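Each chain, letter by letter, is given below.
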Amino acid sequence: MSKGYAALTAEAPLEPFSFERRSLRDSDVALDILFAGICHSDIHQVRQEWGPSLFPMVPGHEIVGRVTAIGSSVSKFAVGDLIGVGVFIDSCRKCPQCLSGLQQYCVEGMTGTYNTLERDGSSVAYGGYSDSFVIDEGYAVTVPETLPLEGVAPLMCAGVTLYSPLKHWKAGPGTRVAVMGLGGLGHMGVKFAHALGAHVTVLSHSEGKRADALAMGADAFVVMNSDAAFAGLANSFDLILNTVSANLELTKYLNLLDVDGTLVVIGLPTQPYTVGAGTLLGKRRSIGGSMIGGIPELQEMLDFCGKHNIVSEVEVIAADYINTAYDRTVASDVKYRFVIDASTF
Ligand code: NAP
Ligand code: ZN
Ligand code: ZN
(Lines give C-alpha, C1' and ligand atoms only; values in the text may rest on other atoms or scores of the structure.)
(Ligands and ions follow the chains in the order given, each with its own letter.)
Protein backbone atom coordinates (compact mmCIF):
# COMPACT_ATOMS: atom_id res chain seq x y z
CA MET A 1 0.00 0.00 0.00
CA SER A 2 1.27 3.48 -0.92
CA LYS A 3 0.64 6.34 1.46
CA GLY A 4 0.18 9.82 0.09
CA TYR A 5 -1.96 12.93 -0.02
CA ALA A 6 -4.85 13.48 -2.41
CA ALA A 7 -7.40 16.07 -3.40
CA LEU A 8 -10.81 14.39 -3.35
CA THR A 9 -12.53 17.39 -4.95
CA ALA A 10 -11.44 20.77 -6.31
CA GLU A 11 -12.78 22.55 -3.24
CA ALA A 12 -11.59 20.34 -0.36
CA PRO A 13 -8.13 20.56 1.19
CA LEU A 14 -5.76 17.71 0.32
CA GLU A 15 -5.84 14.86 2.84
CA PRO A 16 -4.08 11.56 3.60
CA PHE A 17 -4.85 8.91 0.98
CA SER A 18 -3.76 5.27 0.60
CA PHE A 19 -3.73 3.39 -2.68
CA GLU A 20 -2.03 0.52 -4.53
CA ARG A 21 0.75 1.08 -7.08
CA ARG A 22 0.76 -1.40 -9.98
CA SER A 23 2.85 -4.54 -9.59
CA LEU A 24 6.17 -4.45 -11.38
CA ARG A 25 6.16 -5.07 -15.15
CA ASP A 26 9.32 -6.35 -16.89
CA SER A 27 10.54 -2.86 -17.83
CA ASP A 28 9.42 -1.14 -14.59
CA VAL A 29 11.40 0.15 -11.64
CA ALA A 30 9.94 0.70 -8.18
CA LEU A 31 11.25 3.48 -6.01
CA ASP A 32 10.89 4.85 -2.53
CA ILE A 33 10.22 8.54 -2.94
CA LEU A 34 12.49 10.77 -0.86
CA PHE A 35 11.28 14.24 -1.86
CA ALA A 36 8.48 15.63 -4.02
CA GLY A 37 8.25 19.25 -5.12
CA ILE A 38 5.08 21.33 -5.24
CA CYS A 39 4.67 22.90 -8.69
CA HIS A 40 2.16 25.64 -9.37
CA SER A 41 0.74 23.29 -12.04
CA ASP A 42 -0.33 20.99 -9.17
CA ILE A 43 -2.38 23.83 -7.76
CA HIS A 44 -3.88 24.80 -11.15
CA GLN A 45 -5.02 21.18 -11.63
CA VAL A 46 -6.30 20.53 -8.09
CA ARG A 47 -8.34 23.74 -8.32
CA GLN A 48 -9.51 22.90 -11.90
CA GLU A 49 -8.13 26.15 -13.26
CA TRP A 50 -7.32 24.43 -16.57
CA GLY A 51 -10.66 22.60 -16.93
CA PRO A 52 -12.12 19.43 -15.39
CA SER A 53 -9.72 17.26 -13.37
CA LEU A 54 -9.76 13.60 -12.37
CA PHE A 55 -10.42 12.96 -8.65
CA PRO A 56 -9.20 11.63 -6.32
CA MET A 57 -5.95 13.26 -7.45
CA VAL A 58 -2.52 12.55 -5.98
CA PRO A 59 -0.54 15.45 -7.50
CA GLY A 60 3.22 15.72 -7.80
CA HIS A 61 5.57 15.55 -10.79
CA GLU A 62 8.89 16.57 -9.23
CA ILE A 63 10.03 13.28 -7.78
CA VAL A 64 13.36 12.02 -6.54
CA GLY A 65 13.80 8.61 -4.97
CA ARG A 66 15.85 5.47 -4.65
CA VAL A 67 15.21 2.30 -6.65
CA THR A 68 13.92 -0.56 -4.49
CA ALA A 69 13.16 -3.19 -7.15
CA ILE A 70 13.55 -3.69 -10.89
CA GLY A 71 11.66 -5.71 -13.49
CA SER A 72 13.29 -8.63 -15.32
CA SER A 73 14.25 -6.64 -18.46
CA VAL A 74 15.47 -3.45 -16.79
CA SER A 75 18.98 -2.48 -17.91
CA LYS A 76 19.22 1.26 -17.18
CA PHE A 77 18.93 1.12 -13.37
CA ALA A 78 19.87 -1.11 -10.45
CA VAL A 79 18.46 -1.38 -6.94
CA GLY A 80 19.86 1.48 -4.86
CA ASP A 81 20.18 3.97 -7.74
CA LEU A 82 18.99 7.53 -7.24
CA ILE A 83 16.46 8.42 -9.90
CA GLY A 84 14.13 11.21 -10.84
CA VAL A 85 10.64 11.25 -12.35
CA GLY A 86 9.14 14.33 -13.94
CA VAL A 87 5.96 15.53 -15.61
CA PHE A 88 5.19 12.49 -17.78
CA ILE A 89 5.41 8.73 -17.30
CA ASP A 90 4.77 7.48 -20.82
CA SER A 91 4.11 8.45 -24.44
CA CYS A 92 3.43 6.60 -27.72
CA ARG A 93 7.13 5.74 -28.20
CA LYS A 94 6.86 5.65 -32.00
CA CYS A 95 6.04 9.14 -33.34
CA PRO A 96 8.81 11.44 -34.67
CA GLN A 97 8.85 13.41 -31.41
CA CYS A 98 9.12 10.33 -29.20
CA LEU A 99 11.84 8.89 -31.43
CA SER A 100 13.84 12.10 -31.23
CA GLY A 101 13.55 12.40 -27.46
CA LEU A 102 10.89 15.13 -27.41
CA GLN A 103 8.33 12.94 -25.65
CA GLN A 104 6.64 16.00 -24.15
CA TYR A 105 5.42 16.86 -27.66
CA CYS A 106 4.26 13.29 -28.53
CA VAL A 107 1.65 13.36 -31.34
CA GLU A 108 -0.69 11.25 -29.20
CA GLY A 109 -0.03 13.46 -26.17
CA MET A 110 2.30 12.60 -23.33
CA THR A 111 0.86 10.60 -20.44
CA GLY A 112 1.07 12.88 -17.42
CA THR A 113 2.35 11.75 -14.05
CA TYR A 114 -1.10 12.37 -12.48
CA ASN A 115 -4.58 13.74 -13.26
CA THR A 116 -4.89 11.41 -16.24
CA LEU A 117 -5.49 7.81 -17.20
CA GLU A 118 -2.50 5.70 -18.13
CA ARG A 119 -2.16 4.43 -21.69
CA ASP A 120 -4.27 1.34 -20.92
CA GLY A 121 -7.17 3.79 -20.76
CA SER A 122 -8.34 2.67 -17.33
CA SER A 123 -5.64 2.94 -14.61
CA VAL A 124 -5.52 6.31 -12.88
CA ALA A 125 -2.04 7.83 -12.74
CA TYR A 126 -1.20 8.88 -9.19
CA GLY A 127 1.65 11.34 -8.72
CA GLY A 128 4.51 12.05 -6.39
CA TYR A 129 2.83 13.24 -3.18
CA SER A 130 3.37 9.72 -1.88
CA ASP A 131 6.00 7.41 -0.46
CA SER A 132 6.55 5.13 -3.48
CA PHE A 133 6.31 5.06 -7.26
CA VAL A 134 6.45 2.60 -10.15
CA ILE A 135 7.59 3.69 -13.61
CA ASP A 136 8.86 2.31 -16.89
CA GLU A 137 12.64 2.66 -16.88
CA GLY A 138 12.55 4.65 -20.13
CA TYR A 139 10.79 7.53 -18.42
CA ALA A 140 13.07 7.93 -15.39
CA VAL A 141 16.49 9.59 -15.25
CA THR A 142 19.66 9.24 -13.20
CA VAL A 143 20.22 11.78 -10.41
CA PRO A 144 23.80 12.81 -9.56
CA GLU A 145 24.73 11.50 -6.09
CA THR A 146 26.58 14.72 -5.25
CA LEU A 147 23.63 17.12 -5.01
CA PRO A 148 21.37 17.77 -1.97
CA LEU A 149 18.31 15.75 -2.87
CA GLU A 150 15.63 18.09 -1.56
CA GLY A 151 16.95 20.67 -4.03
CA VAL A 152 17.00 18.11 -6.85
CA ALA A 153 13.28 17.23 -6.84
CA PRO A 154 12.20 20.59 -8.36
CA LEU A 155 14.69 20.15 -11.19
CA MET A 156 12.39 17.47 -12.59
CA CYS A 157 9.83 20.08 -13.67
CA ALA A 158 10.87 23.63 -12.77
CA GLY A 159 14.50 22.95 -13.70
CA VAL A 160 14.05 21.38 -17.11
CA THR A 161 11.24 23.79 -18.00
CA LEU A 162 13.68 26.70 -17.86
CA TYR A 163 16.76 24.82 -19.07
CA SER A 164 15.02 23.74 -22.29
CA PRO A 165 14.08 27.19 -23.69
CA LEU A 166 17.43 28.67 -22.66
CA LYS A 167 19.15 25.98 -24.73
CA HIS A 168 16.64 26.09 -27.59
CA TRP A 169 16.95 29.88 -27.99
CA LYS A 170 20.73 29.61 -27.49
CA ALA A 171 21.24 31.77 -24.41
CA GLY A 172 24.90 32.31 -23.68
CA PRO A 173 27.54 35.02 -23.38
CA GLY A 174 26.17 38.20 -24.95
CA THR A 175 22.50 37.18 -24.67
CA ARG A 176 20.31 39.57 -22.68
CA VAL A 177 17.80 37.37 -20.88
CA ALA A 178 14.88 38.50 -18.72
CA VAL A 179 12.98 36.17 -16.42
CA MET A 180 9.43 37.20 -15.54
CA GLY A 181 8.45 36.02 -12.04
CA LEU A 182 10.88 34.76 -9.41
CA GLY A 183 8.99 31.67 -8.28
CA GLY A 184 9.78 27.97 -8.56
CA LEU A 185 10.38 28.12 -12.30
CA GLY A 186 11.79 31.63 -12.49
CA HIS A 187 14.55 31.12 -9.95
CA MET A 188 15.80 28.11 -11.90
CA GLY A 189 15.82 30.30 -15.02
CA VAL A 190 18.07 32.78 -13.23
CA LYS A 191 20.50 30.07 -12.14
CA PHE A 192 20.68 28.40 -15.56
CA ALA A 193 20.93 31.64 -17.56
CA HIS A 194 23.72 32.82 -15.28
CA ALA A 195 25.57 29.49 -15.55
CA LEU A 196 25.28 29.66 -19.35
CA GLY A 197 26.97 33.07 -19.29
CA ALA A 198 23.99 35.23 -20.26
CA HIS A 199 23.16 38.63 -18.75
CA VAL A 200 20.08 38.06 -16.56
CA THR A 201 17.42 40.53 -15.43
CA VAL A 202 14.54 39.51 -13.17
CA LEU A 203 11.19 41.22 -13.83
CA SER A 204 9.25 40.79 -10.60
CA HIS A 205 6.33 42.25 -8.69
CA SER A 206 7.93 41.47 -5.29
CA GLU A 207 10.55 43.95 -4.09
CA GLY A 208 11.40 41.60 -1.21
CA LYS A 209 13.02 39.10 -3.60
CA ARG A 210 15.74 41.49 -4.85
CA ALA A 211 18.61 40.31 -2.65
CA ASP A 212 17.83 36.65 -3.31
CA ALA A 213 17.70 37.20 -7.06
CA LEU A 214 21.10 38.87 -7.10
CA ALA A 215 22.54 36.09 -4.91
CA MET A 216 21.24 33.50 -7.39
CA GLY A 217 23.17 35.17 -10.20
CA ALA A 218 20.85 37.85 -11.56
CA ASP A 219 22.65 40.93 -12.90
CA ALA A 220 19.62 43.17 -12.41
CA PHE A 221 16.26 43.08 -10.65
CA VAL A 222 13.38 45.38 -11.60
CA VAL A 223 9.98 45.69 -9.96
CA MET A 224 7.50 46.15 -12.80
CA ASN A 225 4.97 48.27 -10.94
CA SER A 226 5.05 51.50 -12.96
CA ASP A 227 5.04 52.80 -16.54
CA ALA A 228 8.52 54.18 -15.85
CA ALA A 229 9.82 50.66 -15.09
CA PHE A 230 8.56 49.45 -18.47
CA ALA A 231 9.78 52.52 -20.36
CA GLY A 232 13.23 52.19 -18.82
CA LEU A 233 13.64 48.67 -20.18
CA ALA A 234 12.15 49.21 -23.68
CA ASN A 235 13.92 47.25 -26.47
CA SER A 236 16.54 45.81 -24.14
CA PHE A 237 16.24 41.99 -24.19
CA ASP A 238 16.93 39.20 -26.67
CA LEU A 239 14.98 36.58 -24.76
CA ILE A 240 12.21 36.93 -22.18
CA LEU A 241 11.07 33.84 -20.29
CA ASN A 242 7.56 34.41 -18.92
CA THR A 243 6.98 32.12 -15.93
CA VAL A 244 4.13 34.12 -14.41
CA SER A 245 1.16 31.99 -13.39
CA ALA A 246 -1.30 34.91 -13.34
CA ASN A 247 -3.07 36.67 -16.22
CA LEU A 248 -1.18 39.75 -17.35
CA GLU A 249 -0.83 42.23 -20.20
CA LEU A 250 1.73 40.64 -22.51
CA THR A 251 2.12 43.57 -24.90
CA LYS A 252 3.82 45.64 -22.21
CA TYR A 253 6.47 42.94 -21.87
CA LEU A 254 6.82 42.40 -25.64
CA ASN A 255 7.87 46.04 -25.88
CA LEU A 256 10.93 45.14 -23.80
CA LEU A 257 12.28 42.91 -26.60
CA ASP A 258 14.91 44.27 -28.96
CA VAL A 259 14.79 43.57 -32.72
CA ASP A 260 14.43 39.81 -33.37
CA GLY A 261 13.83 39.12 -29.69
CA THR A 262 11.57 36.32 -28.48
CA LEU A 263 9.23 36.13 -25.52
CA VAL A 264 8.71 32.52 -24.48
CA VAL A 265 5.41 31.66 -22.81
CA ILE A 266 6.02 29.17 -20.00
CA GLY A 267 3.49 30.12 -17.32
CA LEU A 268 0.03 28.78 -18.06
CA PRO A 269 -2.58 31.28 -16.81
CA THR A 270 -6.31 30.78 -17.20
CA GLN A 271 -7.00 33.51 -19.79
CA PRO A 272 -5.68 33.91 -23.37
CA TYR A 273 -3.16 36.70 -23.97
CA THR A 274 -4.03 39.75 -26.05
CA VAL A 275 -1.18 40.89 -28.26
CA GLY A 276 -0.77 44.11 -30.21
CA ALA A 277 0.19 43.26 -33.81
CA GLY A 278 2.24 46.43 -34.20
CA THR A 279 4.31 45.46 -31.22
CA LEU A 280 5.39 42.27 -32.97
CA LEU A 281 5.99 43.46 -36.53
CA GLY A 282 7.58 46.79 -35.58
CA LYS A 283 10.71 45.01 -34.35
CA ARG A 284 10.36 41.52 -35.91
CA ARG A 285 9.62 40.19 -32.44
CA SER A 286 8.38 36.65 -31.80
CA ILE A 287 6.27 34.90 -29.22
CA GLY A 288 7.19 31.28 -28.54
CA GLY A 289 6.13 28.62 -26.12
CA SER A 290 7.98 25.84 -24.34
CA MET A 291 6.82 22.88 -22.29
CA ILE A 292 9.12 21.01 -19.87
CA GLY A 293 11.79 18.89 -21.65
CA GLY A 294 12.14 15.37 -23.05
CA ILE A 295 13.94 12.48 -21.38
CA PRO A 296 17.37 13.12 -22.98
CA GLU A 297 17.17 16.80 -22.06
CA LEU A 298 16.13 15.95 -18.49
CA GLN A 299 19.27 13.85 -18.16
CA GLU A 300 21.41 16.53 -19.80
CA MET A 301 19.99 19.14 -17.39
CA LEU A 302 20.66 16.95 -14.32
CA ASP A 303 24.22 16.34 -15.51
CA PHE A 304 24.65 20.10 -16.04
CA CYS A 305 23.39 20.68 -12.48
CA GLY A 306 25.83 18.10 -11.13
CA LYS A 307 28.70 19.81 -12.94
CA HIS A 308 27.72 23.36 -11.97
CA ASN A 309 26.37 22.50 -8.52
CA ILE A 310 22.92 23.86 -9.30
CA VAL A 311 19.86 22.95 -7.24
CA SER A 312 16.57 24.62 -6.40
CA GLU A 313 16.24 26.84 -3.31
CA VAL A 314 13.69 24.98 -1.23
CA GLU A 315 11.60 25.04 1.89
CA VAL A 316 11.20 21.43 3.03
CA ILE A 317 7.79 20.71 4.54
CA ALA A 318 5.88 17.83 6.10
CA ALA A 319 2.84 16.44 4.29
CA ASP A 320 0.38 18.12 6.66
CA TYR A 321 1.65 21.54 5.49
CA ILE A 322 0.68 20.98 1.81
CA ASN A 323 -2.52 23.04 1.95
CA THR A 324 -0.74 25.98 3.59
CA ALA A 325 2.05 25.67 1.03
CA TYR A 326 -0.53 25.93 -1.76
CA ASP A 327 -1.90 29.18 -0.34
CA ARG A 328 1.57 30.61 0.16
CA THR A 329 2.59 29.67 -3.41
CA VAL A 330 -0.47 31.41 -4.87
CA ALA A 331 0.44 34.48 -2.78
CA SER A 332 3.97 34.45 -4.33
CA ASP A 333 5.27 33.67 -0.83
CA VAL A 334 7.53 30.76 -1.69
CA LYS A 335 11.32 30.73 -1.40
CA TYR A 336 11.52 29.30 -3.93
CA ARG A 337 9.95 25.85 -4.03
CA PHE A 338 8.07 23.87 -1.41
CA VAL A 339 9.35 20.31 -1.27
CA ILE A 340 7.61 17.57 0.70
CA ASP A 341 9.71 15.21 2.81
CA ALA A 342 8.19 11.89 1.71
CA SER A 343 8.96 10.26 5.07
CA THR A 344 6.08 12.33 6.49
CA PHE A 345 3.28 10.71 4.43
P1 NAP B 1 5.23 30.05 -8.68
O2 NAP B 1 6.30 29.40 -7.89
O3 NAP B 1 3.94 30.38 -8.04
O4 NAP B 1 5.88 31.33 -9.38
C5 NAP B 1 5.14 32.21 -10.17
C6 NAP B 1 5.69 33.61 -9.99
O7 NAP B 1 4.96 34.49 -10.83
C8 NAP B 1 5.49 34.19 -8.60
O9 NAP B 1 6.45 33.78 -7.66
C10 NAP B 1 5.56 35.67 -8.87
O11 NAP B 1 6.91 36.10 -8.97
C12 NAP B 1 4.92 35.79 -10.25
N13 NAP B 1 3.50 36.17 -10.10
C14 NAP B 1 2.53 35.50 -9.48
N15 NAP B 1 1.37 36.20 -9.50
C16 NAP B 1 1.64 37.33 -10.17
C17 NAP B 1 0.87 38.46 -10.53
N18 NAP B 1 -0.43 38.54 -10.19
N19 NAP B 1 1.47 39.44 -11.25
C20 NAP B 1 2.75 39.35 -11.60
N21 NAP B 1 3.55 38.30 -11.26
C22 NAP B 1 2.99 37.33 -10.55
O23 NAP B 1 4.81 29.11 -9.92
P24 NAP B 1 5.74 28.09 -10.74
O25 NAP B 1 5.61 26.74 -10.14
O26 NAP B 1 7.03 28.70 -10.99
O27 NAP B 1 4.88 28.00 -12.11
C28 NAP B 1 4.69 29.18 -12.90
C29 NAP B 1 3.73 28.89 -14.03
O30 NAP B 1 4.34 27.99 -14.97
C31 NAP B 1 2.43 28.20 -13.62
O32 NAP B 1 1.38 28.75 -14.40
C33 NAP B 1 2.66 26.76 -13.99
O34 NAP B 1 1.48 26.04 -14.23
C35 NAP B 1 3.46 26.91 -15.25
N36 NAP B 1 4.30 25.76 -15.62
C37 NAP B 1 4.57 25.59 -16.93
C38 NAP B 1 5.41 24.57 -17.33
C39 NAP B 1 5.76 24.39 -18.77
O40 NAP B 1 6.21 23.32 -19.13
N41 NAP B 1 5.60 25.40 -19.59
C42 NAP B 1 5.97 23.72 -16.38
C43 NAP B 1 5.70 23.95 -15.04
C44 NAP B 1 4.86 24.97 -14.67
P45 NAP B 1 7.36 37.56 -8.42
O46 NAP B 1 6.97 37.56 -6.97
O47 NAP B 1 8.82 37.59 -8.66
O48 NAP B 1 6.61 38.57 -9.22
ZN1 ZN C 1 5.42 21.34 -12.87
ZN1 ZN D 1 4.85 9.86 -29.44
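Treat the numbers as computed from the prediction; the structure is a model and nothing was measured.

Asks: Give me the lowdown on the nonpolar core, citing residues and values where you can.
Replies: Tyr 129, Phe 192 and Ile 322 are the most contacted members of the largest nonpolar core, which totals 92 residues. Residue contributions to this core peak at six residues, all from helix H10 (residues 295–308). Taken domain by domain, this core gets at least three of its residues from each of domain 1 (2–157 + 313–344) and domain 2 (158–289). Dropping the residues within four chain positions of it, Phe 192 is found in contact with Gly 159, Leu 162, Tyr 163, Leu 166, Met 301, Phe 304, Cys 305 and Ile 310. Core analysis: the next-biggest nonpolar cluster, separate from the first, contains 17 residues, Met 180, Leu 203, Phe 237 and Val 265 among them.

Asks: Give me the lowdown on the site of ligand 1, citing residues and values where you can.
Replies: The full set close to ligand 1 counts 30 residues, and His 40, His 205, Ser 206, Lys 209 and Arg 337 are the nearest of them. Between Ser 204 and ligand 1, the recorded distance is 2.7 Å, taken from a side-chain N or O atom to an oxygen atom. Protein coverage of the free-state accessible area of ligand 1, which is 920 Å², stands at 90%. Secondary structure elements with two or more residues in the shell around ligand 1: helix H1 (40–46) and helix H5 (184–195). Sorting elements by how many residues they give to the shell around ligand 1 places H1 first, with three residues. Along the lines of polarity and charge, the residues of the shell around ligand 1 split into twelve nonpolar, 16 polar and two charged. Three or more residues apiece are contributed to the shell around ligand 1 by two domains, here domain 1 (2–157 + 313–344) and domain 2 (158–289).

Asks: With reference to specific residues and values, describe the pattern of salt bridges.
Replies: Counted under the stated rule, the structure contains 18 salt bridges. For Asp 212, the salt bridge is made with Lys 335, and the minimal N-O distance between the two is 4.0 Å. Of this pair, Asp 212 sits in helix H6 (residues 210–216) while Lys 335 sits in the loop between helix H11 (322–330) and strand E17 (337–341), and the two are 123 residues apart along the sequence. For Lys 335, a relative accessible area of 42% translates into the label partly exposed. Each member of the salt-bridge network shares a partner with another, and the members are Arg 22, Asp 28 and Glu 118.

Asks: With reference to specific residues and values, describe the domain arrangement of the protein.
Replies: For the protein, the domain assignment lists domain 1 (2–157 + 313–344) and domain 2 (158–289). Inter-centroid distance (C-alpha atoms) of domain 1 to domain 2 is 27 Å. Contact residues are listed per partner, giving 14 residues for domain 1 and 20 residues for domain 2. With both chains or domains summed, domain 1 and domain 2 bury close to 1,400 Å², and 53% of this area falls on carbon and sulfur atoms. For domain 1, the biggest contributors to the area lost against domain 2 are Cys 157, Glu 313 and Tyr 336; these three give 40% of the whole. Put simply, domain 1 and domain 2 have two salt bridges between them.

Asks: Residue-level account of the coordination of the zinc ion (ligand 3), with values.
Replies: For the zinc ion (ligand 3), every protein donor is listed as Cys 92 (SG), Cys 95 (SG), Cys 98 (SG) and Cys 106 (SG), and the spread of their distances is 2.3 to 2.4 Å. Classification of the site at the zinc ion (ligand 3) rests on its four donor atoms, whose angles at the metal span 103 to 119°, yielding the label tetrahedral. Look at where the donors of the zinc ion (ligand 3) fall in the sequence and you get C-x2-C-x2-C-x7-C. On the accessibility criterion, Cys 98 (8% relative accessible area) is buried.

Asks: Give a detailed account of the coordination of the zinc ion (ligand 2), specifying residues and quantitative values.
Replies: Every protein donor of the zinc ion (ligand 2) is accounted for by Cys 39 (SG), His 61 (NE2) and Cys 157 (SG), and the metal-donor separations fall at 2.0 to 2.2 Å. Along the chain, the residues donating to the zinc ion (ligand 2) are arranged with the sequence spacing C-x21-H-x95-C. With Cys 39 in the loop between strand E3 (28–38) and H1 and Cys 157 in the loop between helix H3 (149–152) and helix H4 (158–168), this pair connects stretches of sequence that are 118 residues apart. Residues Cys 39 and Cys 157 agree in their burial class; the two are buried.

Asks: Mind laying out the sheet that holds strand E14 (residues 257–265), listing which residues take part and the relevant values?
Replies: Strands sit in the order E12-E11-E10-E13-E14-E15 across an open sheet of six strands; the sheet is parallel. Edge positions in the sheet fall to strand E12 (220–223) and strand E15 (286–289), since each has one partner strand and no second. On average, each strand axis in the sheet is inclined to that of its neighbour by 20°, with strand direction left out of account. Examined bridge by bridge, strand E13 (residues 237–242) and E14 share five bridges and lie parallel to one another.

Asks: Can you tell me about the packing of aromatic side chains, naming the residues and giving the values?
Replies: If you walk through the whole model with that rule in mind, you get ten aromatic pairs. Look at Phe 19 and Tyr 126: their rings are 4.7 Å apart centre to centre, the planes differ by 55°, and that puts the pair in the tilted class. Highlighted residues: Phe 19 in strand E2 (residues 15–19) and Tyr 126 in the loop between strand E7 (111–112) and strand E8 (132–136), separated in sequence by 107 residues. When its relative accessible area of 16% is taken as the criterion, Tyr 126 is described as buried. The interplanar angle of 55° and the centroid separation of 6.0 Å between the aromatic rings of Phe 192 and Phe 304 together place this pair among those described as tilted. Here Phe 304 lies in helix H10 and Phe 192 lies in helix H5, a separation of 112 residues in the sequence. Considered together, Phe 192 and Phe 304 belong to a single accessibility category, that of buried residues. Through a chain of ring-to-ring contacts, three or more aromatic side chains come together here, namely Phe 17, Phe 19 and Tyr 126.

Quick notes on the rules
- Residues numbered from 1 in each chain as written.
- Chains lettered and ligands numbered in written order.
- Predicted model: local features only at pLDDT ≥ 70, side-chain atom pairs only at ≥ 80, totals over all residues.
- Heavy atoms only, no water.
- Core = buried A, V, L, I, M, F, W, Y, C linked by side-chain atoms within 4.5 Å.
- Buried < 20%, exposed > 50% of the residue type's maximum accessible area, 1.4 Å probe, protein only.
- Helix = DSSP H or I, 4+ residues; strand = E, 2+ residues; numbered from the N terminus.
- Domains from an automatic or database assignment.
- Contact = heavy atoms within 4.5 Å.
- Near = heavy atom within 4 Å.
- Polar contact = N/O pair within 3.5 Å; in protein donor to acceptor, adjacent residues only side chain to side chain.
- Areas by Shrake-Rupley, 256 points an atom, 1.4 Å probe, with all protein chains shown as cover.
- Nonpolar A, V, L, I, M, F, W, Y, C, P; charged D, E, K, R; others polar.
- Salt bridge = Lys/Arg side-chain N within 4 Å of Asp/Glu carboxyl O.
- Buried area = accessible area lost by both parts, 1.4 Å probe.
- Donors = N, O, S within 2.8 Å, 3.2 Å for Na, K, Ca; no water.
- Tetrahedral: all angles 85-135°; square planar, octahedral: opposite > 155°, others 65-115°.
- Pairing = 2+ DSSP bridges.
- Axes fitted to C-alpha atoms, helices over the stretch in contact; angles between N-to-C directions.
- Phe/Tyr/Trp six-rings, centres within 6.5 Å; stacked < 30°, edge-to-face > 60°.

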